[in-house]
Amino acid sequence: MQLTRGVHAQAVLTSGVVKIASASSTTDLLSKSQWLVADNRVQLSDIQELQTWRAAFSPQPLSANQSLWGKITLQSDNTHQPYFISIDNPRIDALDIYVLDERERIINSYRLGTSRPIENRAYGHRLFVVPIDMPYAQPRNIYIKVHDEGPLVFSFQLFSESALLIKEQRYSTIFALFSGALAMMVLYFLVTYTLLRSPVRFWFSVASAGYLLLFLNSQGVISHVSGFNAYIDKISTMLGALLLFSLAKITFTIFRPLPTYYRYFLYSMGWLSAASAFIVDSYQQILIVSGASILALVAIGVLAIFYRYKDHTISNRVFALGLSLIALTTVVQLGLYLNWSAFPEQLSLALSTLIVLGIVLIAVAIAAHEKVVAFRHHNEQQDDIRALQQFVDMFEDAPEGRFISSLDGRLLRGNNALAKTFGYEDSGQMQNLLNSMSQLYAEPGERELLLGELHKNQYTVGKELRGKTRQDQDIWLAVSAHLNQNFDNDEKVICGAVLDISRQKSADLSLIYMASHDTLTGFYQRQEFEKRLHMAINVATQKQDELTLLHVNIDQFKTINDTHGHKAGDAILKQFSELLLKIVTGNGIIGRLGGDEFGILLTGSNAQNSFMLANKLLISIQEFHFSWEERRLNLCISIGQVPWNNTVSSSEQLLTMADSACYMAKKLGRNRLHTYSTTDKHIAKYESQLTWLPRIQHALSHNGFELYCQTYMPMTTIAKGHHYEILLRLVDEHDQRILPNEFLPAAERYNLSPKIDRWVINNYFTWLSNNPQHMKDLHRGNINLSGHSLGDQDLKLFILSAFEKYQIPYNKICFEITESMAILKLDETVEFINTFKDLGCTFALDDFGSGFSSYNYLKNLPVDQVKIDGDFVKNILIDPVDMAMVNSIKDIANAMQIETIAEYVESKEIMVELGKIGVDFVQGFGVNKPASLSTMADEINTIKQK
């Protein structure tokens, strides 16, 4: 394969000897040499004895342990003059040249290549050039050894001194032209970038500089000047990656905003090329960079079609033409190189000229693009001017107060609405009379705080402050402001808006108080009390301060409600709260934790005196005579005391401990104080329900529950189908069924109730879906929901999804909720009920009558059924009060058109009596015992088989 033709060579091959017949010649030695491929460890003496030489060689890359050997014999017929051998590929890893005389004695040897020190070269030349001493008519045997990772593409030429000088002069001229043109383009666009701050100019200068360096590196100039000849391949690869990256940046500017994935793709081509320099060999680097370049050019061509600006027609076309020239020329060069074909110097000059022309066209496209952008920017400025005038009009005519002030408090501009807000006639009067913006704040330090927030965040939105009018009246303001630049003197100013929210603030403060305080007693509600307890624990942890929690419970308060009514109970609670506040005021924080439960939080020195305060409270309650309608009532209380220590990390834990201590005070005789202790056996027994936690969690994860059902018997109508309540049992490790009253308190305490409810609904709906005939015959299935589930939005969505998933008719499901939890979470309960009632579900209020103010809350709960508390039902035949309570509940329910269900019906006699009263449904062991739902499924399958 011929790579370079000698235009002045006149050589004669006689008997294997190439004779140089011209004193000024260039001789191509590549096609006149003999070649063979041998092991890299083979020495010159071994090669000389081999007979496998060929007239040509395959330029495909060698393996890592191979080298290419070539030999040729030269003889000059001229007088003695210098000759030079030139290898024109500066990328060769290792090149050995041996010069032998006619007796095969080594005259000179040269060890060259990029993997060897540049000092080994005979001349300070960018290529591999070595001198050959050829006396007249004396032959010289030339051996070369080439070891390289890439394709074996190189020239092997012999120059006379004059021919070499002519070639170098010609090259220097061409080199200077191309390098100078590219360098001027780099400098021009870099300088104009610094003046215009146009990113596309910067990236074009980077691209031009990258191509200039790539051109220099391909000619061996960079490695020759820097001495980094070992990194010539890596430098070329990195420069190719830089070109791809900068080309991507130019593309993003020339075309309109591109989708993100195009940006990532074009960037990834550059990063892929850069990474290849450190991962693969030089030949594979060429392949990767070539492939990445082709993919990038194809992608840019697609972008040029679909994402070009319509008003950038000229710049788009010129950019496409310049890019096409560069792409075509690059593909031709890479194609010839990768196909191990070379081209003459004239073609190389033409291709390089086309690349420079393409770069110039891209420069023209950038200039045209910026001209269009400048025109568009001018139009946008005109639009901005019009918009600014509109803004001024909006500023002056805005219904809220608008202002611009300096940082030192001078009012620079304000509108009439601002003046009216602060009691001035108009903005002119306000600006004349107002000395400083600080006069508009009720608290002088508020403006400094506002400035601090603005300096930190640059803006504030809806900050509520108390302001002062010209007439010294306090008003509430919502201030929104931001820091801005004053165009007149380049100083920062404050631009903002002020809104008078005095009425809204007054209403909000009332709502906040109502949301955080109990309406009956005025104490903190449980949620707010827990927040304050949590904050107090954090402070005590940081300061190692003392903290004590008292849990106060009124003993047998239910008796007062049952005997005198809930109105009396509310009056007694109010008197009790006033006495409690009188004793505790200034010493601690009081919260109402439940109906008749209160918490007292004591910190610091007050915590040290908690025992004395608790005993004072016990004595005061005993001595105080509570009254209701001229009746004197005596109360007693039980108090649980818990001193905080570092082992307690949460308010929930401390409340639980206080509740346990209060429980023990009640159990030990009431009307006493009991202090929590981890060594107290009674408390340990009370807290043994902690052991339920892992058992419940295991049952949830391993289907350790079982569904039961218990029928409702209609007393006033004829049965229309199956009507029962779904009950739950926990199956223990001994296959025993555990009733829910044993494990549900622990589940509610540790917030596992929503998960249990989810399990029940999913398994019951699955069972109904698998038994379509039973679902068809079903009149109503009642499912219990815990109080914690009513506020669980995720559970609500789960139930809605379950109805759709299993195709369960909404009207066949009735949800039962307990009265006590419904009262505590009244708003959430009503929202939950309304959501599913609108779809067709019904609701029953369980354990009705057990709480205080039951009738009052019943009016606010849109339920369809009430279940009379079993404590009233089971003694109905012997206790007239219970009989009266049942009659009362039935009458109220009938008046509200609500069905009644009596539970704990344990005998036929009770069932008959309830029928006389007019209760709609009865449930209990006197009707039937609970049965496993799986048993019902077996009966259904048996009927199907028959």
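Residues numbered from 1 in each chain as written. Predicted model: local features only at pLDDT ≥ 70, side-chain atom pairs only at ≥ 80, totals over all residues. Heavy atoms only, no water.

1. A short note on helix H15 (residues 557–564)
Phe 557, Ile 560 and Asn 561 are the residues of H15 that are buried. With its buried residues spanning 95° around the axis, H15 presents them on a single face. The elements touched by buried residues of H15 are strand E18 (547–554), helix H16 (566–584) and strand E22 (631–633). Looking one or two residues past H15, Gly 565 carries a phi angle of roughly 100°, positive in sign. (Buried < 20%, exposed > 50% of the residue type's maximum accessible area, 1.4 Å probe, protein only. Helix = DSSP H or I, 4+ residues; strand = E, 2+ residues; numbered from the N terminus. Arc of directions from axis to C-beta. Contact = heavy atoms within 4.5 Å.)

2. Comments concerning the packing of aromatic side chains
Inspection of every chain in the model, using the stated rule, returns 30 aromatic pairs. Consider the rings of Phe 624 and Phe 626, whose centres lie 4.7 Å apart with planes at 70°: the pair is edge-to-face. The partly exposed category is assigned to Phe 624, whose relative accessible area is 31%. In this structure Phe 626 comes out as buried when scored by relative accessible area, which is 0%. Aromatic rings pair up to connect Tyr 724, Tyr 764, Phe 765, Phe 803, Tyr 810, Phe 815, Phe 832, Phe 836 and Phe 843 into one cluster. (Phe/Tyr/Trp six-rings, centres within 6.5 Å; stacked < 30°, edge-to-face > 60°.)

3. Description of the pairing of strand E11 (residues 156–160)
Every regular strand shows the same layout, with side chains that alternate between the two sheet faces. Among the 5 residues in E11, 5 count as buried, and that is most of the element. Examined bridge by bridge, strand E6 (residues 82–87) and E11 share 5 bridges and lie antiparallel to one another. For Ser 86, the partnering residue across the bridge sits in E11 and is Gln 157. (Pairing = 2+ DSSP bridges.)

4. Considerations on the sheet that holds E18
Judged by pairing direction, the sheet is mixed, and its 6 strands sit side by side in the order E17-E19-E20-E18-E23-E24 without closing on themselves. Two strands lie at the open edges of the sheet, namely strand E17 (524–525) and strand E24 (673–675), each paired on one side alone. The pairing of E18 with strand E23 (residues 637–643) spans 7 bridges and is classified as antiparallel. By the bridge assignment, His 551 is partnered in E23 with Gly 640. Taken strand by strand, helix H19 (residues 651–667) contacts E18, E23 and E24, and its axis lies near 140° from that of E23. (Axes fitted to C-alpha atoms, helices over the stretch in contact; angles between N-to-C directions.)

5. Some points on unusual backbone geometry
Here Glu 104, not a glycine, exhibits a phi torsion of approximately 65°, which is positive. Phi is positive for Arg 197, which is not a glycine, with a value near 55°. Topologically, Arg 197 is positioned in the loop between helix H2 (161–196) and helix H3 (199–218). Owing to a relative accessible area of 56%, Arg 197 belongs among the exposed residues under this scheme.

6. A few points about a nonpolar patch on the surface
Taken together, Ile 294, Val 298, Val 302, Ile 305, Phe 306 and Val 331 make up a surface patch of nonpolar side chains, about 540 Å² in accessible area. Among the elements that line the nonpolar patch, the one with the most residues is helix H7 (residues 282–306), at 5 residues. Tracing the chain through its elements places Ile 294 in helix H7. (Patch = residues over 30% accessible without salt bridge, like charges linked within 9 Å, V, L, I, M, F, W, Y side chains within 5 Å. Areas by Shrake-Rupley, 256 points an atom, 1.4 Å probe, with all protein chains shown as cover. Salt bridge = Lys/Arg side-chain N within 4 Å of Asp/Glu carboxyl O.)

7. Re the confidence of the model for the protein
Taken residue by residue, the protein gives an average pLDDT of 82. The fraction at 70 or more is 90%. Every residue in residues 1–15 is under pLDDT 50, and counting partners more than four places away or in other chains gives 33 contacts. (pLDDT = per-residue confidence, 0-100.)

8. Details of the nonpolar core
The biggest cluster of nonpolar side chains holds 72 residues, and the ones touching the most others in it are Ile 696, Phe 705, Tyr 764, Phe 765, Phe 803, Phe 815 and Leu 914. Non-local contacts of Leu 914, meaning those with residues more than four positions away in its chain, are made with Val 873, Ile 876, Val 886, Ala 902, Val 905, Val 919 and Val 922. Counting 45 residues, the second-largest nonpolar core is a separate cluster that includes Phe 215, Ile 250, Tyr 267 and Leu 361. (Core = buried A, V, L, I, M, F, W, Y, C linked by side-chain atoms within 4.5 Å.)

9. Brief notes about the pattern of salt bridges
For the structure shown, the criterion picks out 25 salt bridges. One salt bridge in this structure joins Lys 867 and Glu 816, with 3.2 Å as the shortest N-O distance. Residue Lys 867 is located in strand E32 (residues 865–868), and its partner Glu 816 is located in strand E30 (residues 813–818); the two are separated by 51 residues in the primary sequence. Overall, Lys 867 belongs to the buried group, its relative accessible area being 0%. Look at Glu 816 and you get buried, because its relative accessible area is 1%. For Asp 871, the salt bridge is made with Lys 874, and the minimal N-O distance between the two is 3.7 Å. Residue classification places Lys 874 among the partly exposed residues on the basis of a relative accessible area of 39%. A network of salt bridges, in which partner residues are shared, links Glu 725, Glu 816, Lys 867 and Glu 903.

10. Quick notes on the pairing of strand E15 (residues 474–485)
With 8 bridges connecting them, strand E14 (residues 459–468) and E15 associate as antiparallel partners. By the bridge assignment for E15, Glu 464 is matched with Ala 478. Connecting E14 to the next strand, E15, in antiparallel fashion are 5 residues, including Asp 472 with a positive phi near 65°. As paired elements, E15 and strand E16 (residues 492–500) share 9 bridges and run antiparallel to each other. From the neighbouring strand, Leu 477 faces E16, where its bridge partner is Asp 500.

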